[in-house]
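Each chain is listed here by its residues.
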Amino acid sequence: MELRYNPLLDDWTMVASNRKDRPHLPETDCPFCPGSGKVPEDYDVYAYDNDFPALMPDPPEPDPVGSSLYRTRKAVGKCEVILYSPSHTATLPELSVDHIEKLVDLWTERFVELGKDPRHQYVLIFENRGKECGVTMFHPHGQIYAYSHMPLKIRTELENCRKYYERKGSCLICDMNREERTFGGRIIAENDHFVAYLPFFTDYPYGVFIVSNSHKTALSDFDRAERRSLADMLQKVTGAMDNLFDRLFPYMMVLHQRPVNGEDVEDYYHFHIEFYPPLREADKIKYYASSEMGAWAACNPHSVEECAERLREAYRRFVRQGRRGIR
């Protein structure tokens, strides 16, 4: 277990050979279910230390294979699993808004707590859903990684938001919200405190953003009404995804928040959630292939505006039908 420096990208790769031993889609003996002995017998949502972490508070020394060019360092950090429900088969849109609000509260609590460790630079809250996204446990859950380095994509996003603020004197993501509202055709849903849309530049056909209306940088900035609005938006947007093709919709969901220890980004950064769903049709995957992976040259195979209309109609169907699961 260690971090290895990539001098081409000025970034760090996590090496965690212990993760190859993770259970893969077990049909019985789920460790996240009550009765397993690993979680409480009665819980709504629960934070669970990852049994196969890529980062640890007290990791071992790196293997002695580094050099002045190929640097290594300890894989300092924390990996947690966030259990959404004691029900092994529950899905996010099946949960009540009250229940999802408890999840938002737990995310907030862990974000604040993990941010207290001065070694942590960034706390990433995320979910992988579906076999297409590499899920190894079907029990509804997400994860949190607390990194001792700033991940490259987040660093790039922060830098571009800072540059935009220096040029324009305004927040880039606030301006994106205004631009999307002005156009209107890519908006999926709105409530009192959040807006969901397919951004103009999305590289995934259904790569939704959920963005706060107010200029705030992290979950811990939100009041009670905003947290409930976020819970409502998460339920309905994920429900819309399931309704899109009448199947459980795989996605990667990532909460983009301010760094926990470092420079003040309050003027120019803005809380948002990004979804990366790999489906382009009910039975077709939008792969990140050579161009996307090798050059970061994304190519969306669908019209963003047409996808927005399809997802918007799926959202309307979910709201009309009410909460229900799709297996």
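In what follows, the accompanying structure is described. (Residues numbered from 1 in each chain as written. Predicted model: local features only at pLDDT ≥ 70, side-chain atom pairs only at ≥ 80, totals over all residues. Heavy atoms only, no water.)

1. Points about the environment of Pro62
Stated formally: The helix and strand labels rest on DSSP assignments: H or I over at least four residues marks a helix, E over at least two residues marks a strand, and numbering proceeds from the N terminus. Remark: exposure states derive from per-residue accessible area (1.4 Å probe, protein chains only) relative to the maximum for the residue type, with buried under 20%, exposed over 50%, and partly exposed in between. Should any heavy atoms of two residues lie within 4.5 Å, those residues are counted as being in contact.
Structurally, the position occupied by Pro62 is in the loop between β3 (46–49) and β4 (72–73). When its relative accessible area of 18% is taken as the criterion, Pro62 is described as buried. When the C-alpha atoms of Pro62 and Ile187 are compared, they prove to be 47 Å apart, with 125 residues separating the residues in sequence. Here Pro62 is in contact with Glu2, Thr72, Arg73 and Lys74, once residues within four sequence places are set aside.

2. Here's the deal with the packing of helix α4 (residues 224–244) against helix α6 (residues 304–321)
Cut-off, in case you're wondering: Fitted lines through C-alpha atoms give the axes, limited to the stretch in contact for helices. The angle between two N-to-C directions lies from 0 to 180 degrees. For classification purposes, angles smaller than 35 degrees are called roughly parallel, those larger than 145 roughly antiparallel, those between 65 and 115 roughly perpendicular, and all remaining angles oblique.
Viewed as axis vectors pointing N to C, α4 and α6 meet at an angle of 110 degrees, and their least axial separation amounts to 8 Å. Taken together, α4 and α6 sit at an angle that is classed as roughly perpendicular. Here α4 contributes Gln235, Lys236, Val237, Gly239, Ala240, Met241, Asn243 and Leu244 to the contact with α6, which in turn contributes Arg310, Leu311, Ala314, Tyr315, Arg317, Phe318, Val319 and Gln321.

3. Topic: the packing of aromatic side chains
So the rule is basically this: Each Phe, Tyr or Trp ring, with Trp reduced to its six-membered ring, pairs with another whose centre is within 6.5 Å; inter-plane angles below 30 degrees give stacked pairs, above 60 give edge-to-face pairs, and intermediate values give tilted ones. A ring is scored as having a charge over it whenever the NZ atom of a lysine or the CZ atom of an arginine sits within 6 Å of its centre and within 35 degrees of its normal.
This structure, assessed with the given rule, holds 17 aromatic pairs. Look at Tyr204 and Tyr288: their rings are 5.3 Å apart centre to centre, the planes differ by 10 degrees, and that puts the pair in the stacked class. Of this pair, Tyr204 sits in the loop between β9 (194–197) and β10 (209–212) while Tyr288 sits in the loop between β14 (284–285) and α5 (290–295), placing them 84 residues apart in sequence. Residue classification places Tyr204 among the buried residues on the basis of a relative accessible area of 9%. For Tyr288, a relative accessible area of 29% corresponds to the partly exposed category. Here a set of aromatic residues connected by ring pairs shows up, and it is made of Phe126, Tyr145 and Tyr147. Over the ring of Tyr5 we find Arg71, and its NZ or CZ is 4.0 Å from the ring centre.

4. Some details on the environment of Ile188
One can find Ile188 in strand β8 (residues 187–190). Between the alpha carbons of Ile188 and Glu226 there is a distance of 18 Å; along the sequence they are 38 residues apart.

5. Structural notes on the pairing of β10
Threshold: In this description, strands pair whenever DSSP reports at least two bridges between them.
Neither face of β10 is exposed, since Phe209 and Val211 on one face and Ile210 and Ser212 on the opposite face are all buried. In this structure, β10 lies alongside strand β12 (residues 272–276), joined through three bridges in antiparallel fashion. By the bridge assignment, Ile210 is partnered in β12 with Ile273.

6. Some thoughts on the nonpolar core
For clarity, the threshold we go by: As used in this record, nonpolar core signifies buried Ala, Val, Leu, Ile, Met, Phe, Trp, Tyr and Cys residues forming a set joined through side-chain atoms within 4.5 Å.
Ranked by size, the top nonpolar core spans 53 residues in total, and within it Trp107, Ile210 and Leu234 carry the most contacts. Those residues in contact with Trp107, other than ones at most four positions away along the chain, are Ile82, Tyr84, Ile125, Leu219, Leu234, Met253 and Leu255. By size, the runner-up hydrophobic cluster in this structure holds 33 residues, among which are Phe126, Cys171, Ile173 and Val211.

7. What about the sheet that holds strand β11 (residues 251–256)?
If you trace the nine strands from one edge of the open sheet to the other, you get β3-β5-β7-β6-β11-β12-β10-β9-β8, paired in antiparallel fashion. Of all strands in the sheet, those with a lone pairing partner are β3 and β8, marking the two edges. Looking at each pair of strands side by side, their axes are set apart by 20 degrees on average, direction ignored. Pairing analysis gives four bridges linking β3 to strand β5 (residues 77–83), with the strands arranged antiparallel. When the bridges of β5 are listed, Tyr48 appears paired with Val81. Helix α1 (residues 97–115) rests against β3, β5, β6 (122–129), β7 (141–147) and β11 of the sheet, and its axis sits at about 170 degrees to β5. Its contacts with the sheet place helix α2 (residues 152–168) against β6, β11 and β12, and it is angled at close to 130 degrees to β12.

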